[in-house]
Protein chains: 2
Amino acid sequence: MNRSPNPFLVSALTEESPVVKTKEILSWIDQRRSAHRFVVEPIPFSEMKEWGFEPDTGNITHSSGKFFTIHGVHIETNGGPVTSWSQPIIKQPEIGILGIAVKKMGGVLHFLMQAKMEPGNIHLVQLAPTLQATRSNFTRVHHGRSPLLLDYFSTGEKSRSLVDVLQSEQGARFLRKRNRNMIVEVTDDIPVSDDYCWMTLGQIQRLLYQDNLINMDARTVLSCISYRAPEADAGTADLAFLESALPERDFRRRLIESTMDRDKALHRFNEIIGWFTRMKVRYELEVTPVPLNRVAGWHRTTTEIVHEQGKYFSIMAVRVQADNREVVAWTQPLVRPREEGLVAFIVKEINGVLHVLIQAKVEPGNFDVVEMAPTVQCITGSYRQAPLECRPCFLDHVLNAPQESIRYSARQSEEGGRFFRESNHNQVVEVGDEFPVDVPANFIWMTLGQLKTFIMFNNFVNVECRCLMASMGLA
Amino acid sequence: MNRSPNPFLVSALTEESPVVKTKEILSWIDQRRSAHRFVVEPIPFSEMKEWGFEPDTGNITHSSGKFFTIHGVHIETNGGPVTSWSQPIIKQPEIGILGIAVKKMGGVLHFLMQAKMEPGNIHLVQLAPTLQATRSNFTRVHHGRSPLLLDYFSTGEKSRSLVDVLQSEQGARFLRKRNRNMIVEVTDDIPVSDDYCWMTLGQIQRLLYQDNLINMDARTVLSCISYRAPEADAGTADLAFLESALPERDFRRRLIESTMDRDKALHRFNEIIGWFTRMKVRYELEVTPVPLNRVAGWHRTTTEIVHEQGKYFSIMAVRVQADNREVVAWTQPLVRPREEGLVAFIVKEINGVLHVLIQAKVEPGNFDVVEMAPTVQCITGSYRQAPLECRPCFLDHVLNAPQESIRYSARQSEEGGRFFRESNHNQVVEVGDEFPVDVPANFIWMTLGQLKTFIMFNNFVNVECRCLMASMGLA
């Protein structure tokens, strides 16, 4: 049995790199923001190039038929207080790659991160995976350059695969979209431009405490890291190392313990799978495609497609100029949020181990009716005024949590290639004995190790839940 | 940590029950076959009651709109030598229950099995799970009796759930069909008729060496049993017990060892998941519904819907009389195979542990493009005469296997509620050093423990693969 420390764990615990200091990373990002010329401006739909409305349906498509389309869906479900509605949705059947290259430097795994501009990004440039490419990108439908470093992820000859798993994206916005989340280990000296930087997982985790810095694609890839493979024993030595290295980081120590412990979980695996099966049988979800120009309750102006009450989100178009992308200028549609959102875990120590409260959530774009979601995942704007009985479960616990119980709090961005400046409040609240172990039937307590195992097997854990795990220091 | 022996394992090792002898089970089945009056006769489609052809589409539907429908699909795929075809397919979106009740008797878990008539069954009566019910059955769409013992599986109050997982059925015949596979432990004295019998898993395993006796529904449920939960250590004590109990059953001992060992697998879990991800990205599958009366290459007579070359399967209708079912007489359509089939594992000892050679197989009804399938799963009729380059990989290894390498061989039935006397040859062949460890990219070696773990997480392992695992003595 391999008793050598898990290299991911060592990297997670190494908060300063022998290669680069954390504060140097921050100044490097600032410098990349000013090194390039980026312009993003909203435009009327009529100024979109290559993108347009299909005559009959009003669906938004690219002239190549590739990338993605925006059409409508009608939903019938018993999965929440609203049982029937229509909405626009993004259809992107292509499976793209979100990939991070890692390399051992000075005995510690380093992650190759990219300072990447996306038109919807807050601050335009955020930290992204080494490679972030749709199939249309890497088959060069746009006639631009081939994405850098694709070879390290595509052939398997120049690298060793550590993670390669399909993961879902936002079920409220995408119809069954999935991407390959990859981590590959390289030994070559990869030739990279100044837009790339090697850093440890510990450094990335520290940066995750800042608002809107690590992009969604990076967070979802990082969430796929296992500190412990299911077939291997936990390295007890690792934990001892952790405690001595991070005496002040009590919460993170308890988080990592919760990913390791196999005996103190409230529910066994088979019980959790049985719960999830019951949820899939209990909830019904019927999704019928409808033309975008016939989505009830939504209408199109010259500049946007909006809900009649201005709720939820709108569709807009932008013109982009960027001198360091595969294509230097383009136009595209984006989804713009109209209300603020909250993504939160309630965590509680049970049997001496942290457990997280997980919800079985129905969303229209889900691959299989429900996915495991954070305790609270909702738009907060419309709920703050709503009567108590209409509010999502546990929303008030999170909104009214005393300061000393908040273990993590930051604003994190959604994908800037599809969403315009969307940022949701990410929060982790620890509760004590006053909070019951018994929860409503659509909720269950899990250890973080159990949640990590479900992430390995794909299409169990939704992107909001995965990203929050990464954000809270559990990449 | 719970070190008491896994009760499933103890049951599997107990080949004679304190409750009933194996040979008494055989005479009980014979007796049940003669105790009831069952008549199944093929009829012209025009004599079907409540079932009929939709005027426009020619689709076969029930007047209630429930149970299942038969329509057509057109397939485009790069997943095999034939890249485009049309065929009839069964659509059954309802999730039913296949459930076995277990109870500790004389210190050993016993399984409550039912001698159940299905119209398509060879010998009419086969051994079935305790409960086998579609949603239309248990919501009593047919106005018949409610299925017996449903309460033990539906409420959770009268039993403890041990297994509850959604599993796929035949992707060549069903469009995304899934059933709940359940095992519940009871402590009550369940009142059962003479059509039910308690027996150990060891007894069931012995009966699995007989042709067409344990039905498909029972085999798939049995395949979901884990001897070792992923969070628990293997009980070394169990293995010692096994060896003393079954000194002559060397192969079964090695099978069970292969489900226990976590360190000697050729590939780690993440590698297998990476392989499966690559297969899902590599293979494309486009399934378009078409009306049954416009399926290219198929036509309808008064008594059947057949392929123009008489290949694959046909659709027929039967009249059924049975005095012990929820409804005592009915008519229904069935699928009738036209060619014999083969389902086979090649197994090989690698690193001292048995590994099984698994294929990533594209089938039109798959939920997500590919599932893990047996080494060989094909219709053999048309291949015996085919030139070598057109034959499925490893088919000849199985067909020409020397007698002494055959570890399991029996004919096993498909579901008699949908298929008319369909029985496939199930075989396990052990290969030695002459057989390479390197295999084509769409194949991978796994231990049986790894395969069992994938079964836990549903929609990884196809029904043929699950049932063959159960048949070979690895229920």
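Throughout, residues of each chain are indexed from 1 in the direction in which the sequence is written. A letter from A marks each chain and a number from 1 marks each ligand, given out in the order of writing. Under the rules for a predicted model, residues below a pLDDT of 70 receive no local features and side-chain atom pairs below 80 are neither given nor counted, while totals for whole chains, interfaces and linings still include all residues. To get the side-chain values, take all heavy atoms of the structure and skip hydrogens and water.

## A few points about the overall build of chain A
Helix and strand definitions here come from DSSP, where helices need a minimum of 4 consecutive H or I residues and strands a minimum of 2 consecutive E residues; each element is numbered from the N-terminal end. Of regular secondary structure, chain A possesses 12 helices and 24 strands. Considered along the principal axes of its C-alpha atoms, chain A spans approximately 65 × 55 × 40 Å. Exposure classes here rest on a 1.4 Å probe applied to the protein chains alone. A residue is buried below 20% of its type maximum, exposed above 50%, and partly exposed in between. Within chain A, the proportion of its 475 residues that are buried is 63%. We call two residues contacting when some pair of their heavy atoms lies within 4.5 Å. Taking as baseline every contact in chain A between residues at least 6 positions apart, the subset at least 24 positions apart corresponds to 73%. Computed with a 1.4 Å probe, the accessible areas rest on the Shrake-Rupley method; for each residue, only the protein chains presented here act as cover. For chain A, the exposed area adds up to about 18,100 Å²; of that, 49% sits on carbon and sulfur atoms.

## A closer look at the pattern of salt bridges
One speaks of a salt bridge when a side-chain nitrogen belonging to Lys or Arg is within 4 Å of a carboxyl oxygen belonging to Asp or Glu. Under the criterion given, the structure shown has 34 salt bridges over all chains. The salt bridge partner of B:Arg33 is B:Asp30, with a shortest N-O separation of 3.8 Å. One end of the pair, B:Arg33, and the other, B:Asp30, are both in helix H2 (residues 22-35), three residues apart, so they sit about a helical turn from each other. Three or more residues are tied together by salt bridges with common partners; here these are A:Arg254, A:Glu349, A:Arg407 and A:Glu430.

## Topic: the confidence of the model for chain A
Residue and element names in this part refer to chain A. Known as pLDDT, the predictor's per-residue confidence is scaled from 0 to 100. Across chain A, the average pLDDT comes to 88, with 91% of residues at 70 or higher. Across chain A, strand E20 (residues 370-373) holds the top mean pLDDT of 98, while helix H7 (residues 236-245) sits lowest at 37. Counting interchain partners and residues more than four positions distant, the pLDDT-below-50 stretch residues 229-248 has 34 contacts.

## Quick notes on the interface of chain B and chain A
Facing 34 residues of chain B, the contacting portion of chain A comprises 34 residues. A 1.4 Å probe defines the accessible area here, and the buried area is the portion of it lost by two parts on being joined, summed over both. Taken over both partners, the interface formed by chain B and chain A buries close to 3,400 Å², and the fraction arising from carbon and sulfur atoms is 55%. Summed over the shared surface of chain B and chain A, the number is two salt bridges. B:Arg178 is the salt-bridge partner of A:Asp368, the closest N and O atoms lying 2.6 Å from each other. Each polar contact in these results corresponds to two N or O atoms within 3.5 Å; when the atoms are within protein, one needs to be able to donate a hydrogen and the other to accept it, and residues that are neighboring in sequence are counted only if both atoms are side-chain atoms. Summed over the shared surface of chain B and chain A, the result is four residue pairs in polar contact (both at pLDDT 80 or more). Elements with a minimum of two residues in the side of chain B that touches chain A: strand E10 (160-168), strand E11 (178-185), helix H9 (269-282) and helix H11 (448-456) of chain B. The greatest single-element share of the side of chain B that touches chain A, amounting to eight residues, is contributed by H9(B). Amino acids outside the nonpolar list (Ala, Val, Leu, Ile, Met, Phe, Trp, Tyr, Cys, Pro) and the charged list (Asp, Glu, Lys, Arg) are all regarded as polar, and Gly is one of them. Here the residues of the side of chain B that touches chain A sort into 15 nonpolar, five polar and 14 charged.

## Observations concerning the relation of the copies chain B and chain A
The copies were overlaid by least squares, fitting only the C-alpha atoms of residues that reach a pLDDT of 70 or more in each copy. If you rotate chain B by 180° and push it 0.0 Å along the axis, it lands on chain A with an RMSD of 0.0 Å. Such a combination of rotation and displacement between the chain copies is what one expects of a two-fold axis. A shared interface surface links the copies, since 100% of the contact residues of chain B are contact residues in chain A too.

## Looking at the packing of aromatic side chains
By convention, a stacked pair of Phe, Tyr or Trp rings (six-membered ring in the case of Trp) has centres within 6.5 Å and planes under 30 degrees apart, an edge-to-face pair has planes over 60 apart, and any other such pair is tilted. Tallied over the full model, the rule gives 34 aromatic pairs over all chains. Centroid distance A:Phe457 to B:Phe269: 5.8 Å. Interplanar angle 65°. Geometry classified as edge-to-face. With A:Phe457 in the loop between helix H11 (448-456) and helix H12 (463-471) and B:Phe269 in helix H9, the pair connects residues from two separate chains. Judged on exposure class, the residue A:Phe457 and its partner B:Phe269 are both buried. Consider the rings of B:Phe174 and B:Phe419, whose centres lie 5.7 Å apart with planes at 70°: the pair is edge-to-face. Here B:Phe174, found in the loop between E10 and E11, pairs with B:Phe419, found in the loop between strand E22 (406-413) and strand E23 (423-431); they are 245 residues apart in sequence, far enough to count as distant. Neither residue differs from the other here; B:Phe174 and B:Phe419 are each classed as buried. Put simply, the rings of A:Phe269, A:Trp275, A:Phe276, A:Phe454, A:Phe457, A:Phe460, B:Phe269, B:Trp275, B:Phe276, B:Phe454, B:Phe457 and B:Phe460 pair up and form one aromatic cluster. Positioned above the aromatic ring of B:Phe53, the side-chain terminus of B:Arg300 is 3.5 Å from the ring centre. Charge-over-ring contacts are defined here by two conditions on Lys NZ or Arg CZ: a distance within 6 Å of the ring centre and an angle within 35 degrees of the ring normal.

## Concerning unusual backbone geometry
Positive phi values are uncommon outside glycine, yet A:Tyr312 reaches one of about 65°. Mapped onto the elements of the fold, A:Tyr312 is located in the loop between strand E15 (305-307) and strand E16 (313-322). Its identity is not glycine, yet B:Asn458 carries a phi of approximately 50°, on the positive side. When you line up the elements, B:Asn458 lands in the loop between H11 and helix H12 (463-474).

## Here's the deal with the side chain of A:Lys116
Residue and element names in this part refer to chain A. With respect to the helices, strands and loops of the structure, Lys-116 is situated in strand E7 (residues 108-117). Notably, Lys-116 is buried but unbridged: the nearest opposite-charge side chain belongs to Glu-118, and the N-O separation is 4.2 Å. Residues contacting Lys-116, with those up to four places away along its chain left out, are Asn-121, Leu-124, Val-125, Gln-126, Ala-128, Gln-132 and Arg-325. Counted as positive: Lys and Arg. Counted as negative: Asp and Glu, with His and the chain ends omitted from the count.

## Looking at the state of the cysteines
Any two cysteine sulfur atoms within 2.5 Å of one another count as a disulfide. All told, the structure shown has zero disulfides over all chains when counted by the stated rule. Here A:Cys467 stays free of any disulfide, with the sulfur of A:Cys224 as its closest cysteine sulfur at 9.4 Å. With no disulfide of its own, B:Cys465 lies 9.6 Å from the sulfur of B:Cys467, the closest cysteine sulfur.

## So, the environment of A:Met105
Residue and element names in this part refer to chain A. Inspection of the secondary structure puts Met-105 in strand E6 (residues 96-105). Taking the C-alpha atoms as reference points, Met-105 and Trp-198, 93 residues apart in sequence, are found 9.3 Å from one another. Sequence-distant contacts of Met-105, defined by excluding residues within four places in its chain, comprise Pro-18, Val-19, His-110 and Trp-198.

## Some thoughts on the pairing of strand E24 (residues 443-447) of chain A
Residue and element names in this part refer to chain A. Most of E24 is tucked away, with five of its five residues classed as buried. Side chains Phe-443, Trp-445 and Thr-447 project from E24 onto one buried face, and the interleaved Ile-444 and Met-446 project onto a second face that is buried too. One requirement defines pairing of two strands: DSSP has to find at least two bridges between them. With five bridges connecting them, strand E19 (residues 353-362) and E24 associate as antiparallel partners. Looking at the pairing, Leu-357 lines up with Trp-445 of E24.

## A closer look at the packing of H9(B) against H11(B)
Residue and element names in this part refer to chain B. In contact at an axis separation of 12 Å, H9 and H11 are set at 60° when each is read in the N-to-C sense. Compared by their axis directions, H9 and H11 come out oblique. Judged by the twist between their axes, the crossing of H9 over H11 is right-handed. Residues Phe-269, Ile-272 and Ile-273 of H9 pack against Gln-450, Thr-453 and Phe-454 of H11. Split by residue class, the contact of H9 with H11 holds four nonpolar, two polar and no charged. What counts as an axis is a line fitted to C-alpha atoms, over the stretch in contact for a helix, and the angles between N-to-C directions run from 0 to 180 degrees. Angle categories: roughly parallel below 35 degrees, roughly antiparallel above 145, roughly perpendicular from 65 to 115, and oblique for all the rest. Two helices that cross are described as forming a left-handed crossing if the nearer one is turned anticlockwise from the farther one by less than a right angle, and a right-handed crossing if clockwise.

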